[in-house]
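Overview (structure and organization)
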Amino acid sequence: MIKTPIPKLVITLAIPAIITMLITSLYNMADTLFVGRIGDGKIGASAVSVVFSYMAIMQAIGFFFGHGSGNYISKKLGANDTEKAGKMASTAFFLAFSIGVLLLVFGMIFLEPFAYLLQANSENIEDVKSYLFYILMGSPFIITSFVLNNQLRFQGSAYYGMIGIGIGGLLNIALDPLFIFAFNMGVAGAGLATSLSQFISFIILLIMGTRGGNIRIRLSNFAPCREFFIEIVKGGTPSLFRQGLSSVSVICLNGVANAIAGSALVAGMGVAQKIMHFIFSVLLGIGQGFQPICGYNYGAKRYDRVKKAYWFCVKYCTLIVIVASIIGFIFAENIAFLLNSNAEVCNFAGMSLRFQFCSFVLMPFIVMTNMALQNLSRVIGASVLALMRQGAAYIPLLYILQFLGVTGVCLVQPIADVVALIVAIPFMINMMKHLNSMGKVNIEQN
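This report concerns the structure included in the present document. All of these numbers come straight from a predicted model, not from anything done at the bench.

Let's talk about the overall build of the protein chain
A tally of helices and strands in the protein chain yields 17 helices and zero strands. Against the globule reference of 22 Å for 446 residues, the protein chain gives a C-alpha radius of gyration of 21 Å, in line with a compact fold. Referenced to the eigenvectors of the C-alpha coordinate spread, the extents of the protein chain come out at roughly 70 × 45 × 35 Å. The 446 residues of the protein chain split such that 59% are buried. Counting every atom, the protein chain has about 16,700 Å² of accessible surface; 69% of that belongs to carbon and sulfur. Computed over 28 positive and 16 negative side-chain charges, the separation of the two mean positions in the protein chain equals 17 Å.

Quick word on the packing of aromatic side chains
Think of a pair of aromatic rings as described by two things: how far the centres are apart, and how the planes are tilted against each other in angle. Per the stated rule, a full pass over the model turns up 20 aromatic pairs. With 6.2 Å between their ring centres and 50 degrees between their planes, Phe280 and Phe360 make a pair best called tilted. Of this pair, Phe280 sits in helix α10 (residues 263-299) while Phe360 sits in the loop between α13 (343-359) and α14 (363-375), and the two are 80 residues apart along the sequence. For the pair Phe280 and Phe360, one class covers both residues: buried. Their ring planes at 80 degrees and their centres at 6.3 Å tell us that Phe357 and Phe360 sit as a pair that is edge-to-face. For Phe360, a relative accessible area of 2% puts it in the buried group. A cation over a ring is seen here: Lys274 above Phe52, with NZ or CZ 4.5 Å from the ring centre. Here the basic side chain of Arg354 rests over the ring of Phe329, its NZ or CZ set 5.6 Å away from the ring centre.

Description of empty space enclosed by the protein
Tallied over the entire structure, the rule returns three cavities of 30 Å³ or more. The space that makes up the largest cavity amounts to roughly 740 Å³. Taken together, the elements giving at least two residues each to the lining of the largest cavity come down to α1 (6-35), α2 (43-78), α9 (226-261), α10, α13, α14, α15 (379-392) and α17 (406-445). Examining the composition of the lining of the largest cavity, we find that seven residues originate from one element, α10, more than from any other. The residue makeup of the lining of the largest cavity, split by class, is 26 nonpolar, 14 polar and two charged.

A short note on the pattern of salt bridges
Within this structure, the stated rule accounts for seven salt bridges. Residue Arg354 is joined to Glu333 by a salt bridge in which the shortest nitrogen-to-oxygen separation is 2.7 Å. Here Arg354 is found in helix α13, whereas its partner Glu333 is found in helix α12 (residues 332-337), with 21 residues between them in sequence. Its relative accessible area of 24% is what places Arg354 among the partly exposed residues. Within this structure, Glu112, Glu126 and Lys129 form a network of salt bridges that share partners.

Brief notes about the packing of α2 against α10
Where α2 contacts α10, the two axes come as close as 10 Å, and the packing angle between them is 10 degrees. Our classification of the angle between α2 and α10 gives roughly parallel. In terms of residue class, the contact of α2 with α10 is built from nine nonpolar, 13 polar and two charged.

The rules we used
- Residues numbered from 1 in each chain as written.
- Predicted model: local features only at pLDDT ≥ 70, side-chain atom pairs only at ≥ 80, totals over all residues.
- Heavy atoms only, no water.
- Helix = DSSP H or I, 4+ residues; strand = E, 2+ residues; numbered from the N terminus.
- Rg over C-alpha atoms; globule rule 2.2 N^0.38 Å.
- Buried < 20%, exposed > 50% of the residue type's maximum accessible area, 1.4 Å probe, protein only.
- Areas by Shrake-Rupley, 256 points an atom, 1.4 Å probe, with all protein chains shown as cover.
- Lys, Arg positive; Asp, Glu negative; His and termini not counted.
- Charge placed at Lys NZ, Arg CZ, Asp CG, Glu CD.
- Phe/Tyr/Trp six-rings, centres within 6.5 Å; stacked < 30°, edge-to-face > 60°.
- Lys NZ or Arg CZ within 6 Å of the ring centre and 35° of its normal.
- 1 Å grid on protein atoms, 1.4 Å probe; cavity = no way out; pocket = protein on both sides within 12 Å on 5 of 7 lines; lining within 4 Å.
- Points joined across faces, edges and corners; volume = space filled by probe spheres on them.
- Nonpolar A, V, L, I, M, F, W, Y, C, P; charged D, E, K, R; others polar.
- Salt bridge = Lys/Arg side-chain N within 4 Å of Asp/Glu carboxyl O.
- Axes fitted to C-alpha atoms, helices over the stretch in contact; angles between N-to-C directions.
- Parallel < 35°, antiparallel > 145°, perpendicular 65-115°, else oblique.

Laid out in structure tokens, this is it:
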């Protein structure tokens, strides 16, 4: 972590993280792909889009505990304090599992009201309930899979996380057509396939945590205390805001889209989201390869390596994103057709994708700045930046621009991205000043 050249280290840690993120996004893409072949392709696909917001809620909780504990773990490992790192890992795991159980219980009790809260409509309510039922059943395991994967990644064992997530993702792709078509379960089959494959991922991730020098999850290490709560909040709040507001944004988007053009637009925006999330996964994977380097080297007082890793990721991610945006802009409808056979849905998805690709080049700078702030425990900056893109900018813009119809809805994300960039620049400058000053202090002390 402190001797390997930065480019080699980032690539080594980023490759399994990228694969993990891509496979994670395949969970929902697989459901959208096969459900989009049921009937006219609109109702089932719109149901998956509606429940996607709950998937984002679970991811937000998993990332909150995973990033919060993982950030602390990487710093403690950098300082050779394995005892506290072990206690933090188990504490975060069992807290997250408990929240998953609560969501399962309350979701089952209030299944139909919850479905309407997620913006189900009279057309897709039954499909939403069928799909949501099985997703709720897997809630504790889905949430803790995110926790385990992130803890492994922050220990520099992203490869082990890749194995657990990868096997689950491939299983989901195999089970979807089996349950949906062979067993004639329809949309419910997609939900069962997702939950079952996520449960298998959970088991494998637990096993991976016992390999090598990784920290094992033990009930005897469950030690909730003020210090751990504070550190989880400090390290995990930006992720909670980022993913949590993403869920709120999806709920709001589904409501507005449904009012403008019904299930076809809901499905189309859902297809566009899945595609953008898949491409965004490459960027997030590189960022997740950067995070343990950032936390470990900051804990080891190697501030120069933190800066080198940050700029390396920004530069090369920008090049990747430019290429992806050009290809995506040209073939937008064709890409959408891979997930849905309905022409109207694909037209809406293609329009949304083209608008989003216009601002996608801004994402490397915004994402890497956000991740760096988060790992340096600069909670306010990381949280504010996370709030901008998915909440403070996106949601108001959605309700303002809805009067422009479909075009207005498609414009929301690009404009929100520009706002996030403007907010990110001063935080980045302040962060670099902090690292420079800490570096000077370290040199003087030595």
